[in-house]
Amino acid sequence: MENKNKVTIHHLFWYFLIFSILGLIIETAFCFFGNGVLESRKGFIWGPFCPIYGVCGAALIFILDKLNCKGYVKLFIAGFIFASIGEYILSYCLEAIYGTRFWNYEYLQYNLNGRICLTFSIYWGVLAIILVKWVKPIIDKLVDKIKPNTRNIVELGIFIFLVIDGLVTIWGIQTYQNRVVYNKVYKPVDGNIFSQIRSKIENEYFTNERMSTTFPNLRIKNENGDEVWIKTLIKG
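First, a word on what this report is: a plain description of the structure on this page. (Residues numbered from 1 in each chain as written. Predicted model: local features only at pLDDT ≥ 70, side-chain atom pairs only at ≥ 80, totals over all residues. Heavy atoms only, no water.)

### Thoughts on the overall build of the protein chain
Along the backbone of the protein chain there are seven helices and four strands. Secondary structure elements of the protein chain occur, N-terminal to C-terminal, as α-α-α-β-β-α-α-α-α-β-β. Along the three orthogonal principal directions, the C-alpha set of the protein chain runs to about 65 × 50 × 30 Å. The buried share of the protein chain, reckoned over its 236 residues, is 41%. A fraction of 69% describes how many contacts in the protein chain between residues 6 or more apart in sequence connect residues 24 or more apart. (Helix = DSSP H or I, 4+ residues; strand = E, 2+ residues; numbered from the N terminus. Buried < 20%, exposed > 50% of the residue type's maximum accessible area, 1.4 Å probe, protein only. Contact = heavy atoms within 4.5 Å.)

### Description of the packing of helix α1 (residues 9–35) against helix α4 (residues 118–145)
Remark: α1 packs on α4, axes separated minimally by 11 Å, with the N-to-C direction vectors making an angle of 130°. It follows that α1 is oblique to α4 by the angle criterion. Crossing of α1 over α4 shows right-handed handedness. Listed contacts from α4 to His11, Trp14, Tyr15, Ile18, Phe19 and Phe30 of α1 are Phe120, Tyr123, Leu131, Val135, Lys136, Ile139, Asp140, Val143 and Asp144. Of the residues contributing to the contact of α1 with α4, the split by class is eleven nonpolar, one polar and three charged. (Axes fitted to C-alpha atoms, helices over the stretch in contact; angles between N-to-C directions. Parallel < 35°, antiparallel > 145°, perpendicular 65-115°, else oblique. Left-handed = near helix turned anticlockwise from the far one by under 90°. Nonpolar A, V, L, I, M, F, W, Y, C, P; charged D, E, K, R; others polar.)

### A few points about the nonpolar core
Ranked by size, the top nonpolar core spans 51 residues in total, and within it Tyr15, Leu64 and Phe102 carry the most contacts. The set of elements that each furnish at least two residues to this core consists of α1, α2 (51–67), α3 (72–98), α4 and α5 (148–180). Broken down by element, this core gets its largest block of residues, nine residues, from α4. Not counting the four nearest positions on each side in its chain, Phe102 is found in contact with Leu94, Ile173, Phe215, Asn217, Leu218 and Arg219. (Core = buried A, V, L, I, M, F, W, Y, C linked by side-chain atoms within 4.5 Å.)

### Quick look at a nonpolar patch on the surface
Together, Phe30, Tyr72, Tyr110, Leu118, Ile122, Tyr123, Val126, Ile130 and Trp134 give the surface a local cluster of nonpolar side chains, amounting to about 910 Å² of exposed area. Top contributing element to the nonpolar patch by residue count: α4, with six residues. If you trace the backbone, Trp134 turns up in helix α4. (Patch = residues over 30% accessible without salt bridge, like charges linked within 9 Å, V, L, I, M, F, W, Y side chains within 5 Å. Areas by Shrake-Rupley, 256 points an atom, 1.4 Å probe, with all protein chains shown as cover. Salt bridge = Lys/Arg side-chain N within 4 Å of Asp/Glu carboxyl O.)

Such coordinate-based values are descriptive only and should not be taken to indicate function.
Structure follows, in structure tokens:
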């Protein structure tokens, strides 16, 4: 008989999806109540997703399940360590993909290169307990109630959307960065319809206003090695 508590690829997919949404809500609320600022904390250009939480949350549950961590202390320690490692690695990966940094903890004490810090590592430890003890069982029950055929179709549709969303996000951020930071604007080729479409999308959809509102915390390093918010480089 199949173990109903086993973490499958289907469960991991829904962990990623749900935690990406919950993470966005938590991040937005934290920013608002902590700093008094209401701004976008999204990781994708479309949809309410903050994938750092989705990736770390799903990976964390998978690792904790493999390690068979059940006690509160073990869950906290494992969550503290493995989520911090995951966040550090993901910070580098996102910077390599997008060419810019999404977060920097240098303003907090006990940070490591601004990519992770003690405060948020403690949050990850607490979150590990909440995820495994309360959130995971609820998600598992909901996922297991969906008929396999229906679930597969829904998951495939969402997966395709997320892939397209991610690719468009990379495109948009690179366009935004090239235009604002390097003063590079794509010039369409006369008579080439695809070139014309690309130019129209980059100029009329990936506008500075849209990109700076959707991704207000994107930053790069200047020639002095100091981090600069891209939105501050926009010329009025």
